[in-house]
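Chain by chain, the residues run as shown.
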Amino acid sequence: DAGITQSPRHKVTETGTPVTLRCHQTENHRYMYWYRQDPGHGLRLIHYSYGVKDTDKGEVSDGYSVSRSKTEDFLLTLESATSSQTSVYFCAISEEITDAGELFFGEGSRLTVL
Amino acid sequence: GESVGLHLPTLSVQEGDNSIINCAYSNSASDYFIWYKQESGKGPQFIIDIRSNMDKRQGQRVTVLLNKTVKHLSLQIAATQPGDSAVYFCAENIWTGANNLFFGTGTRLTVIP
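Residues numbered from 1 in each chain as written. Chains lettered and ligands numbered in written order. Predicted model: local features only at pLDDT ≥ 70, side-chain atom pairs only at ≥ 80, totals over all residues. Heavy atoms only, no water.

A. Expanded view of the interface of chain A and chain B. With 24 residues of chain A in contact, the opposing surface of chain B contributes 24 residues. Both sides of the chain A and chain B interface together cover about 1,900 Å² of buried area, and 53% of this is carbon and sulfur. Counting across the chain A and chain B interface gives zero salt bridges. There are two residue pairs in polar contact (both at pLDDT 80 or more) connecting chain A and chain B. For the side of chain A that touches chain B, the secondary structure elements donating two or more residues are strand E4 (31–38), strand E5 (42–51) and strand E9 (87–94) of chain A. It is E5(A) that contributes the most residues to the side of chain A that touches chain B, five residues altogether. Residue composition of the side of chain A that touches chain B, by class: eleven nonpolar, eight polar and five charged. (Contact = heavy atoms within 4.5 Å. Buried area = accessible area lost by both parts, 1.4 Å probe. Salt bridge = Lys/Arg side-chain N within 4 Å of Asp/Glu carboxyl O. Polar contact = N/O pair within 3.5 Å; in protein donor to acceptor, adjacent residues only side chain to side chain. Helix = DSSP H or I, 4+ residues; strand = E, 2+ residues; numbered from the N terminus. Nonpolar A, V, L, I, M, F, W, Y, C, P; charged D, E, K, R; others polar.)

Here it is as structure tokens:
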């Protein structure tokens, strides 16, 4: 398994509170991604990073921000959580040179916003 | 947004039979098409991909077929085993400086012993 650790794995929070999810990799891969998975929608890309301090928006970026200060860490922040952000969040990584779409996923972080 | 969908949400097969999972896509600009497998409680796992200029690719017990004329993708699993029970996602990759994958909603494959 690829060396990807997500934390926390489970979190319950209240509407309006800030939440930060962390993704840590030991593979030294350049690209990192945050996806959310919801029933009926599959996985949707929130944000991605193509290097330290280099990030870009994905399909569903509203309400989320990210930061990458080190190669190994990619943080996803919900500044003010809403119930619509209840989801399972997956971090993924990919190697320097690939256009084939082979991403390695973490185990997921289940977030419940009450 | 992009549209990647599946014809059937569930599929049940007998152990040892072959499985075929289908997927329709709408974006002709995709560079690659990929199949992922997701077991319960885990993240998706890459199975196989196919470049947009190919129509068939084989792996170990799996074959992916791409029909660009009708924008259809399929995953064939030979001699299906209980360990193949999972949700299977097709995805299309459009390179935008990083892998920008658009996933379908998934098909749940159940293998009956």
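Structure shown, so let's carry the discussion forward.
B. Molecular detail of the state of the cysteines. On inspection of all chains with the given rule, the structure shows two disulfides over all chains. Between the sulfur atoms of A:Cys23 and its disulfide mate A:Cys91 the distance is 1.9 Å. An S-S torsion of about -70° defines the bridge between A:Cys23 and A:Cys91 as left-handed. Of this pair, A:Cys23 sits in strand E3 (residues 19–25) while A:Cys91 is found in strand E9, placing the two residues 68 residues apart along the sequence. In terms of burial, A:Cys23 and A:Cys91 fall into one category: buried. For B:Cys23, the disulfide goes to B:Cys90, at an S-S distance of 1.8 Å. Handedness of the B:Cys23-B:Cys90 disulfide follows from its S-S torsion of about 50°: it is right-handed. With a gap of 67 residues between them, B:Cys23 in strand E3 (residues 19–25) and B:Cys90 in strand E9 (residues 86–95) connect regions that are remote in the sequence. (Disulfide = S-S within 2.5 Å. Buried < 20%, exposed > 50% of the residue type's maximum accessible area, 1.4 Å probe, protein only.)

C. Up close: the layout of surface pockets. Its boundaries defined by the atoms lining it, the largest pocket holds a volume of some 580 Å³. Lining the largest pocket are 29 residues; nearest its centre among them are A:Gln37, A:Val88, A:Arg110, B:Gln38 and B:Gly41. For the lining of the largest pocket, the elements supplying multiple residues, two or more each, are E4, E9 and strand E11 (109–113) of chain A together with E9 and strand E11 (107–112) of chain B. When the residues that make up the lining of the largest pocket are grouped by side-chain class, the tally is seven nonpolar, 15 polar and seven charged. (1 Å grid on protein atoms, 1.4 Å probe; cavity = no way out; pocket = protein on both sides within 12 Å on 5 of 7 lines; lining within 4 Å. Points joined across faces, edges and corners; volume = space filled by probe spheres on them.)

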